Amino acid sequence: MTKKIKGRRINWLLLFGAAGAGKGTQAARIREILEKHGLRVALLATGDLFRNPPGTLDRGVVSQISENMKKGVLVDDAVTMVIAGEALNAKLEEDPDWVILDGLPRNVFQLAAVLFAMTSIGLAHFFTFELAVADSLLIPRLQGRKTCKSCGKVHPASTDLAGACPKCGKVTLFIRDDDSNPKSIRNRLGDYRKTISSVLDALRKLISTLELKDRFSVETVDGSLPEDSVTDRIIKHLDLQDQPA
Ligand SMILES: [Zn+2]
């Protein structure tokens, strides 16, 4: 039953980007490509984890999360890391070659927790990509986004309001109030840029201090390019050529 965990080496891939920058889309595309190379991939998206917390999680914590989601309040850092830890633990059972994190770490506190997990579980390479998209492009994208009342999944503006939710199949889409106000969107994007630049600064400093250049990389990709160009740019950095296609 117990897998050999000793000596495990995992490639970690972190995707950073503001809401609407395409992290979820890219995470899914990268997973698909890695799997085509015969690699096992564990994908952890905090948005999905908050909507569907692991069954092992304490019920009090679960109801706290759903309260936060309803109010549009960020989930507490410690709670976030406990959920991510539970989910990661379950996925490690499948002995992944890659772990992709979407929406995590959100700040320097979470980064420290992620680094601790990575180094204790086993680290082969650590790839970080920031999907850079200008506010002027993100604001209209976020304004039109629709949240499904049934499953909580956020869909792009192009989603047909009269149609069924692409995720759960129910016909209950509505427009998010807080996303409709350009000022609150601009505030949220400003907050994101402030915290994420401190995360990236901390990572770059760590890499240079520890001379881990060979195993760590931090790249910025133009997230306003077409989806497949963004994917190509990310994949190019992942050193997959020695793997069977
Ligand atoms: Zn739904």
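Residues numbered from 1 in each chain as written. Predicted model: local features only at pLDDT ≥ 70, side-chain atom pairs only at ≥ 80, totals over all residues.

A. The overall build of the protein, seen in detail. What the protein contains, in helices and strands, is eight helices and eight strands. Since a compact globule built from 245 residues should have a radius of gyration of about 18 Å, the 18 Å found for the protein is in line with a globular shape. Taking the principal axes of its C-alpha atoms as reference, the protein extends roughly 50 × 40 × 35 Å. Relative to its 245 residues, the protein shows a buried fraction of 27%. Contacts in the protein between residues far apart in sequence, at least 24 positions, make up 72% of those at least 6 positions apart. (Helix = DSSP H or I, 4+ residues; strand = E, 2+ residues; numbered from the N terminus. Rg over C-alpha atoms; globule rule 2.2 N^0.38 Å. Buried ≥ 20, exposed ≤ 12 C-beta atoms within 10 Å, placed from the backbone. Contact = placed C-beta atoms within 7 Å.)

B. Broad picture of the packing of helix α1 (residues 23-36) against helix α8 (residues 227-236). Orientation of α1 relative to α8, taken along the N-to-C sense of each, is 55 degrees, at an axis distance of 10 Å. As far as their axial angle goes, α8 and α1 are oblique. Both α1 and α8 take part in a crossing whose hand is right-handed. Contact with α1, carried on its side by Thr 25, Gln 26, Arg 29, Ile 30 and Ile 33, involves Glu 227, Val 230, Thr 231, Ile 234 and Ile 235 of α8 and no other residues of that element. Of the residues that constitute the contact of α1 with α8, the class distribution is five nonpolar, three polar and two charged. (Axes fitted to C-alpha atoms, helices over the stretch in contact; angles between N-to-C directions. Parallel < 35°, antiparallel > 145°, perpendicular 65-115°, else oblique. Left-handed = near helix turned anticlockwise from the far one by under 90°. Nonpolar A, V, L, I, M, F, W, Y, C, P; charged D, E, K, R; others polar.)

C. Spatial organisation of the sheet that holds strand β4 (residues 123-132). Pairing within the open sheet is parallel, and its five strands lie in the order β2-β3-β1-β4-β8. Either end of the sheet is taken by a strand with one partner, and the two such strands are β2 (41-45) and β8 (216-222). Along the sheet, successive strands turn relative to each other by an average axial angle of 15 degrees, direction set aside. Two elements, β2 and strand β3 (residues 98-102), share five bridges in a ladder whose sense is parallel. When the sheet's bridge partners are listed, Ala 42 is paired in β3 with Val 99. (Pairing = 2+ DSSP bridges.)

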